[in-house]
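Letter by letter, the chains look like this.
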Amino acid sequence: MSQPRNGTPGDVEEIHWPSLVAAISSISAVGIAIGLGLPLLSIILEKRGISSTLIGLNTAMAGVAAMAAAPITTKLAHKYGVAPTMLWAVLISALSALGFYYAEDFWMWFPLRFAFHGATTTLFILSEFWINAASPPSKRGFVLGIYATVLSLGFAAGPLLFSILGSDGIFPFLIGAGAILLAAIPIFIARDESPILEEKPELHFMRYVFLVPTATAAVFIFGAVEAGGLSLFPVFAVRAHFTESQAALLLTMMGVGNVIFQIPLGLLSDRISDKRPLLAGMALMGFVGSMMLPLLLDNWLLMAGLLLFWGGCVSGLYTVGLSHLGSRLTGSDLAAANAAFVFCYAMGTVAGPQAIGAAIDVAGNNGFAWAIAAFFGLYALLSGIRLMFIRKRT
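The name an unreviewed UniProt entry gives the chain is MFS transporter, with Rhizobium chutanense as the organism. In UniProt, the chain has this text filed under Subcellular location (unreviewed entry): "Cell membrane".

### What about the overall build of the chain?
Counting secondary structure elements, the chain contains 16 helices and 0 strands. Scaling as 2.2 N^0.38, a compact globule of 394 residues should have a C-alpha radius of gyration of about 21 Å, and the chain matches this with 20 Å. Considered along the principal axes of its C-alpha atoms, the chain spans approximately 60 × 60 × 30 Å. Of all 394 residues assigned to the chain, the portion counted as buried reaches 53%. Long-range contacts, defined as pairs at least 24 residues apart, comprise 84% of the intrachain contacts of the chain with a sequence gap of at least 6. Approximately 17,300 Å² of the chain is accessible, and the part contributed by carbon and sulfur atoms is 69%.

### Examining the domain arrangement of the chain
Looking at the assigned domains, one finds that the chain contains domain 1 (14-194) and domain 2 (205-393). The gap between the C-alpha centroids of domain 1 and domain 2 is 22 Å. With 26 residues of domain 1 at the contact, the number on the domain 2 side is 29 residues. The largest share of the area that domain 1 buries against domain 2 comes from Met67, Glu128 and Phe129, three residues that together contribute 22% of it.

Parameters at a glance
Residues numbered from 1 in each chain as written. Predicted model: local features only at pLDDT ≥ 70, side-chain atom pairs only at ≥ 80, totals over all residues. Heavy atoms only, no water. UniProt positions renumbered as here; feature names shortened; annotations may be inferred. Helix = DSSP H or I, 4+ residues; strand = E, 2+ residues; numbered from the N terminus. Rg over C-alpha atoms; globule rule 2.2 N^0.38 Å. Buried < 20%, exposed > 50% of the residue type's maximum accessible area, 1.4 Å probe, protein only. Contact = heavy atoms within 4.5 Å. Areas by Shrake-Rupley, 256 points an atom, 1.4 Å probe, with all protein chains shown as cover. Domains from an automatic or database assignment. Buried area = accessible area lost by both parts, 1.4 Å probe.

What follows is the structure, encoded as structure tokens:
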């Protein structure tokens, strides 16, 4: 069971601010580094003459590494402790981030990507577990909304840094590695506040994927739509005769929606004991919004307004899904379920771009919207059926 250092088991009654500041600030520093690193690495490979296919293959190592790291993270935290495991993950991710600068041969970027994203996956899993464990049930959604908002700002700051620093020389890599190393400071300061895993998880890792299916399916859809949408929306927008700058601004509107809706959705989830209808409702709104995309191609302002709310619905699946997870499980079970949650997110990031890209090739430009609508619609349908089945049983 997870418990505070004073030995009191169970859920905390008040927000544990030292723990939350440590977990949120550390993972946000990593978010800045990832937001800087993704465009930086792609541009450098492009300058070296690496094909787009190989760049995409190298980038896909992020999802592979996440799926590999998720099952072992809880075991490492149980054996060595949450804070020590996170500190080692910070060191590995910082060293691998700096290693890209010195890796002249392209093949070396594959193990570096694996190490970097495997370590950052460990940080995400344990940070989110720490946040869940340090949040009182009545305020969990609010706290997770703060976490998601700060993390989104961190991801947004990364590309901004890239636009300032450029891709030449070692300096961008030093900034990225330095941002990651800064994450070690709050973790080390609050190391005695980190939750204790005294018992091993009771179930096999994959059982946790299906233990809270509403949450894990929600984050799979989130991963698929986020990764596929962000990577292929510029293609959809430019083919629809928007300029590159207009397409970029539309993506920015999605990001703004991602940021401003996190805390309100978290507060809303705190007011309802069963988060599943809210998740199904957001998926339904995502479905309707996706189907409207082809209808608004002639009006940039309406498209921007739609994407503002649509971005909030997409990101809400992650925040509310994580809150639902914390409301159902505690201790080692919560840590293992958090790992399963991130595992499903990684699966979505691999599946989404492939499915949405194939839909564009098969059905034309509108295949982008239809594929995303299919992801949302399938989740809304299955979760709705599950809710009806559960209510009939009770």
